[in-house]
Amino acid sequence: FNDVVSNYPLLAAWATPGDPVVISFADLGNKLAGGPGATLSDENALMSLAGMWDVSVHNGIQYKTEPEAFWSGQLSEYIKYPRDVIKDKIGTCIDTALFFSTLALTQGLNAYIVLMPGHAFSIIELPSGQLIPVETTTLNNGYTFSQAIESGVNTYTNAINGPYIIIDLQKYQSIGIIPPELPELPTDILTVWNITSPSTSKSLQAGIDSGQTSSDYISFINYAPMWSVTYPSSWSVQQSTS
């Protein structure tokens, strides 16, 4: 698996947190969440991420498979920039993972892409250092952000039981694997693409209600290999029997 995906660092060139189109989309989500500073606390980061997730669901951004994809054995895959996921409102697992990770990057959060045989998903690092796996293919089902995290935990559990690679987007961009200069688009391009925001009076679908605080979350740390995840205290934990 590692030999086949040996060019994985190049995926960092598809993360475009400086793209004005992506920034404007992220701003819609941040505004929906009440404008929290994502880097100030885990609670603020979760609210910001939830807002951007809700805007994505509201606009019908969905996951789809690619018929002639890398994972089919063709050793190639067409990868979209996040702006193209926004425009087309559709993308593969790697497209949507890069899209959501890039949204997190616009808020100053660290983000990672995990590759495993046949799949890719996002991991977002909260200000405390806690890691949140996000299964972006659940956009297709209109899942809440909490459900996307729950699904992400399951996906990550499967990933660490087999071959996988974690791509540190910031690390590879810092050593020069950066996106090309993309064509400039009109400032009202989101309006042209019919991208709108849910009513701000509507509570976030994230399951992170206004009454919840960071104390309503529990952190689980695994030491071998080292990884951690934060989840709502209302969730129950089921131990695997395998």
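Residues numbered from 1 in each chain as written. Predicted model: local features only at pLDDT ≥ 70, side-chain atom pairs only at ≥ 80, totals over all residues. Heavy atoms only, no water.

Undergrad: Please explain helix α1 (residues 20-32) as it appears in this structure.
TA: The end-to-end C-alpha distance of α1, which contains 13 residues, comes to 18 Å, matching closely the 18 Å that a straight helix rising 1.5 Å per residue would cover. Taken residue by residue, α1 has V21, V22, F25, A26, G29, N30 and L32 as its buried positions. Those residues of α1 that are buried are in contact with α2 (42-58), α3 (82-88), α4 (93-106) and α7 (189-192). Between a side-chain oxygen at the N-terminus of α1 and the backbone nitrogen of V21 the separation is 3.0 Å; the capping residue is D19. One or two residues past the end of α1 sits G34, with phi positive at roughly 95 degrees. (Helix = DSSP H or I, 4+ residues; strand = E, 2+ residues; numbered from the N terminus. Expected span 1.5 Å × (residues − 1). Buried < 20%, exposed > 50% of the residue type's maximum accessible area, 1.4 Å probe, protein only. Contact = heavy atoms within 4.5 Å. Polar contact = N/O pair within 3.5 Å; in protein donor to acceptor, adjacent residues only side chain to side chain.)

Undergrad: When you look at the pairing of strand β6 (residues 165-168) in this model, what are you seeing that I'm missing?
TA: Two faces, one strand: in a regular strand the side chains alternate between the faces of the sheet. Residues I165 and I167 point to one face of β6 and are all buried, whereas I166 and D168, pointing to the other face, are not buried. Of the pairings in the sheet, the one linking strand β3 (residues 110-116) to β6 comprises 4 bridges and is antiparallel in character. Pairing of Y112 across the sheet is with D168, part of β6. (Pairing = 2+ DSSP bridges.)

Undergrad: What is the right way to look at the sheet that holds β3 in this model?
TA: Strands pair in a sheet through their backbones, by hydrogen bonds, and they do so in one of two ways: parallel or antiparallel. Here 4 strands make up an open sheet; going across it, the order is β5-β4-β3-β6 and the pairing antiparallel. Each end of this open sheet is capped by a strand with a single partner; those strands are β5 (131-134) and β6. Across the sheet, the axes of successive neighbouring strands diverge by a mean angle of 25 degrees, strand direction being ignored. Pairing geometry for β3 and strand β4 (residues 119-125), over 7 bridges, is antiparallel. Of the residues in β4, the one forming a bridge with V114 is F121. Its contacts with the sheet put helix α5 (residues 145-159) on β3, β4, β5 and β6, and the angle it makes with β5 is roughly 95 degrees. (Axes fitted to C-alpha atoms, helices over the stretch in contact; angles between N-to-C directions.)

Undergrad: Looking at this structure, I do not really get the packing of α2 against α5. What am I missing?
TA: A pair of packed helices is captured by two measures, namely the crossing angle of their axes and the spacing between those axes. With their axes 9 Å apart at the nearest point, α2 and α5 run at an angle of 100 degrees to one another. The angle between α2 and α5 falls in the class roughly perpendicular. Contact residues: α2 offers L46, L49, A50 and W53, while α5 offers F145, A148 and I149. (Parallel < 35°, antiparallel > 145°, perpendicular 65-115°, else oblique.)

Undergrad: When you look at the pattern of salt bridges in this model, what are you seeing that I'm missing?
TA: When charged atoms on two side chains of opposite charge get close, those side chains can pair. This model, assessed by the stated rule, comprises 3 salt bridges. Its salt-bridge partner being D19, residue R83 comes within 2.8 Å of it at the nearest N-O pair. Of this pair, R83 sits in helix α3 while D19 sits in the segment before α1, and the two are 64 residues apart along the sequence. An identical accessibility class is assigned to R83 and D19; each is buried. (Salt bridge = Lys/Arg side-chain N within 4 Å of Asp/Glu carboxyl O.)

Undergrad: When you look at the nonpolar core in this model, what are you seeing that I'm missing?
TA: Within soluble globular proteins, side chains that are nonpolar tend to cluster in buried spots. One finds F25, L49, F100, I113, F145 and L169 to be the most contacted residues of the largest nonpolar core, which totals 54 residues. One finds V114, M116, F121 and Y156 within the second-largest nonpolar core, a separate group that totals 7 residues. (Core = buried A, V, L, I, M, F, W, Y, C linked by side-chain atoms within 4.5 Å.)

Undergrad: Sorry, what's going on with the pairing of β3 here?
TA: Among the 7 residues of β3, 6 are classified as buried, and the element is accordingly described as predominantly covered. Hairpin connection, β3 to β4: the antiparallel pair is bridged by 2 residues, and G118 has positive phi, about 80 degrees.

Undergrad: Would you mind showing me how to read the environment of V114 here?
TA: The topology assignment puts V114 in strand β3. When its relative accessible area of 0% is taken as the criterion, V114 is described as buried. C-alpha separation for the pair V114 and Y164, spaced 50 residues apart in sequence, amounts to 6.8 Å. Setting aside residues no more than four positions away along its own chain, V114 makes contact with H119, A120, F121, I123, Y164, I165 and I166.

Undergrad: Would you take a moment to explain the packing of α1 against α2 for this structure?
TA: In the contact formed by α1 and α2, the axes pass within 7 Å of each other and the chain directions differ by 115 degrees. The hand of the α1/α2 crossing is right-handed. Note on element contacts: α2 touches α1 through S48, G51, M52, D54, V55 and S56, opposite F25, A26, L28, G29, N30 and L32. Here the contact of α1 with α2 is built from residues that sort into 6 nonpolar, 5 polar and 1 charged. (Left-handed = near helix turned anticlockwise from the far one by under 90°. Nonpolar A, V, L, I, M, F, W, Y, C, P; charged D, E, K, R; others polar.)

Undergrad: Would you mind showing me how to read the side chain of D95 here?
TA: On the secondary structure map, D95 appears in helix α4. This buried residue, D95, is left without a salt bridge; K80 holds the nearest opposite charge, at 5.2 Å. Engagement of the side chain of D95 in a polar contact is seen with the backbone nitrogen of T92, the distance being 2.9 Å. Not counting residues up to four positions away in its chain, the partners in contact with D95 are Y78, I79, K80 and V85. (Lys, Arg positive; Asp, Glu negative; His and termini not counted.)

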